[in-house]
Amino acid sequence: MSIFSLVHEDAVKAALKEDLGHGRDITSQLLIPYGTQIKANMNAREGGILAGIELAEIAYKLTCSKIKLTRHINDGETLKAGDTILTIEGPAQNILTAERVGLNYVSHLSAIATKTAEYVKAVESTKAKIVCTRKTLPGLRTLQKYAVKMGGGSNHRFGLDDAILIKDNHIAAAGGVSAVLDRAKTAGHTVKIEIEVDTLDQLSEVIKHGGADIVMLDNMKPEQLKKAVAMVDGNLITEASGGVNLKTVRAIAESGVDLISIGALTHSVTVLDIGLDFEN
């Protein structure tokens, strides 16, 4: 079992507990004779990038330690429609009990990895990195950010405690750009400071102050972004955010920004079609 699996075993246990309620799978126990053995395959029904297979494996093993698993494709690898991802052999009751939990994880996380890979491909040959945000489903953040990595993307901060990100509401509540940057600097030299700006005038104020490490250029058009990158002149990391989709991302990347953050990678993907098929 990998470190990834050990860290997320509790999440899988919680998912199984949610599904089992009072402790049993009524349907499988009533319909299938105890001890019935079967062989099943987790198959891709459309193409994409795989993510989350270890979570499915944990679900099966937690349900019955006697289940035999044979993995055919690893996370981060490309799927084609019809590919067999995982073969599961063992007690039919237990395999059916774990089926939905395993598929839910793999289908959702693979969708994130697949969507991320589309964005990464769209900005090829530019220096821009595709990054995710904190717009994640509660309780799934580390898993969703892992899936972004499997798709070739990069992670933004994981929470409110690992970096300072000054947004427009912070600026409004605290009294302006200079005021928030002065206060942010008291966190110490090990903490990165990022500040969001909506206009080039705000950016000028940030540059003049000199208290930030990263600037988020929010909802700026490509021409504005080019001007912003020129103004920064390599002295700050530049991040474009807002209004990003597969039609706009290339032009945003060609502005010269370092990062492009996209909330849609995690908050609104459609699941990848993956199913479990029993062998006769």
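The preceding data block contains the structure.
Everything numeric here is computed off the predicted structure, so don't read it as measured data.

Caption draft 1: Seen up close, the sheet that holds strand β10 (residues 237–241). Taken in spatial order, the six strands of this open sheet run β6-β11-β10-β9-β8-β7, and their pairing is parallel. In this open sheet, the two edge strands, each paired with only one partner strand, are β6 (129–131) and β7 (164–166). Each strand axis lies, on average, 25 degrees off the axis of its neighbour in the sheet, ignoring direction. Bridge analysis of β6 against strand β11 (residues 259–261) gives three bridges, and the strand direction is parallel. By the bridge assignment, Ile-130 is partnered in β11 with Ile-260. Packed on one face of the sheet, helix α8 (residues 200–209) meets β8 (193–197) and β9 (214–218) and runs near 155 degrees to β8.

Caption draft 2: Structural context of the packing of aromatic side chains. All told, the structure shown has zero aromatic pairs when counted by the stated rule. The positively charged end of Lys-145 is found above the aromatic ring belonging to Phe-158, 5.1 Å away from the centroid.

Caption draft 3: Quick peek at unusual backbone geometry. One non-glycine residue, Ser-125, lies in positive phi territory at about 75 degrees. Within the secondary structure layout, Ser-125 lies in the loop between α4 (92–122) and β6. Here Ser-125 falls in the exposed class, since its relative accessible area comes to 73%. Backbone geometry places Asn-219, a non-glycine residue, at a positive phi of 55 degrees. With respect to the secondary-structure elements, Asn-219 resides in the loop between β9 and α9 (222–232).

Caption draft 4: Quick look at helix α5 (residues 141–150). Along α5, the residues that are buried comprise Leu-143, Gln-144, Lys-145, Tyr-146, Ala-147 and Val-148. Among the residues trailing α5, Gly-152 stands out with phi positive, at a value near 95 degrees.

Caption draft 5: The nonpolar core, seen in detail. Within the largest apolar cluster, 76 residues are counted, with the highest numbers of intra-cluster contacts made by Met-42, Tyr-60, Ile-85, Ile-195, Leu-217 and Ile-260. Counting residues per element, this core draws most heavily on α4, at twelve residues.

Caption draft 6: Representation of α8 in the model. Looking only at α8, the buried set comprises Gln-202, Leu-203 and Val-206. The buried side chains of α8 occupy one side of the element, clustering within an arc of 100 degrees when seen end-on. In α8, the exposed positions angled more than 90 degrees off the buried face are occupied by Asp-201 and Lys-208. The secondary structure elements touched by the buried residues of α8 are α7 (177–184), β8, β9 and α9. Looking one or two residues past α8, Gly-210 carries a phi angle of roughly 80 degrees, positive in sign.

Caption draft 7: Here's a closer look at the sheet that holds strand β3 (residues 68–71). What the four strands build is an open sheet, ordered β3-β5-β1-β12; its pairing is antiparallel. Two strands close off the open sheet at either side, each with one partner strand: β3 and β12 (274–278). Geometrically, the sheet is characterised by an average inter-axis angle of 20 degrees between neighbouring strands, direction not taken into account. Summarising the sheet, β3 and strand β5 (residues 84–91) pair through four bridges and their orientation is antiparallel. Within β5, the residue paired with Lys-68 across the bridge is Glu-89. Packed onto the sheet, helix α3 (residues 53–63) meets β1 (37–44), β3, β5 and β12 and runs at close to 170 degrees relative to β3. Where α4 meets the sheet, its contacts fall on β1, β5 and β12, and the angle it forms with β12 comes to roughly 155 degrees.

So, how was this worked out
- Residues numbered from 1 in each chain as written.
- Predicted model: local features only at pLDDT ≥ 70, side-chain atom pairs only at ≥ 80, totals over all residues.
- Heavy atoms only, no water.
- Pairing = 2+ DSSP bridges.
- Helix = DSSP H or I, 4+ residues; strand = E, 2+ residues; numbered from the N terminus.
- Axes fitted to C-alpha atoms, helices over the stretch in contact; angles between N-to-C directions.
- Contact = heavy atoms within 4.5 Å.
- Phe/Tyr/Trp six-rings, centres within 6.5 Å; stacked < 30°, edge-to-face > 60°.
- Lys NZ or Arg CZ within 6 Å of the ring centre and 35° of its normal.
- Buried < 20%, exposed > 50% of the residue type's maximum accessible area, 1.4 Å probe, protein only.
- Core = buried A, V, L, I, M, F, W, Y, C linked by side-chain atoms within 4.5 Å.
- Arc of directions from axis to C-beta.

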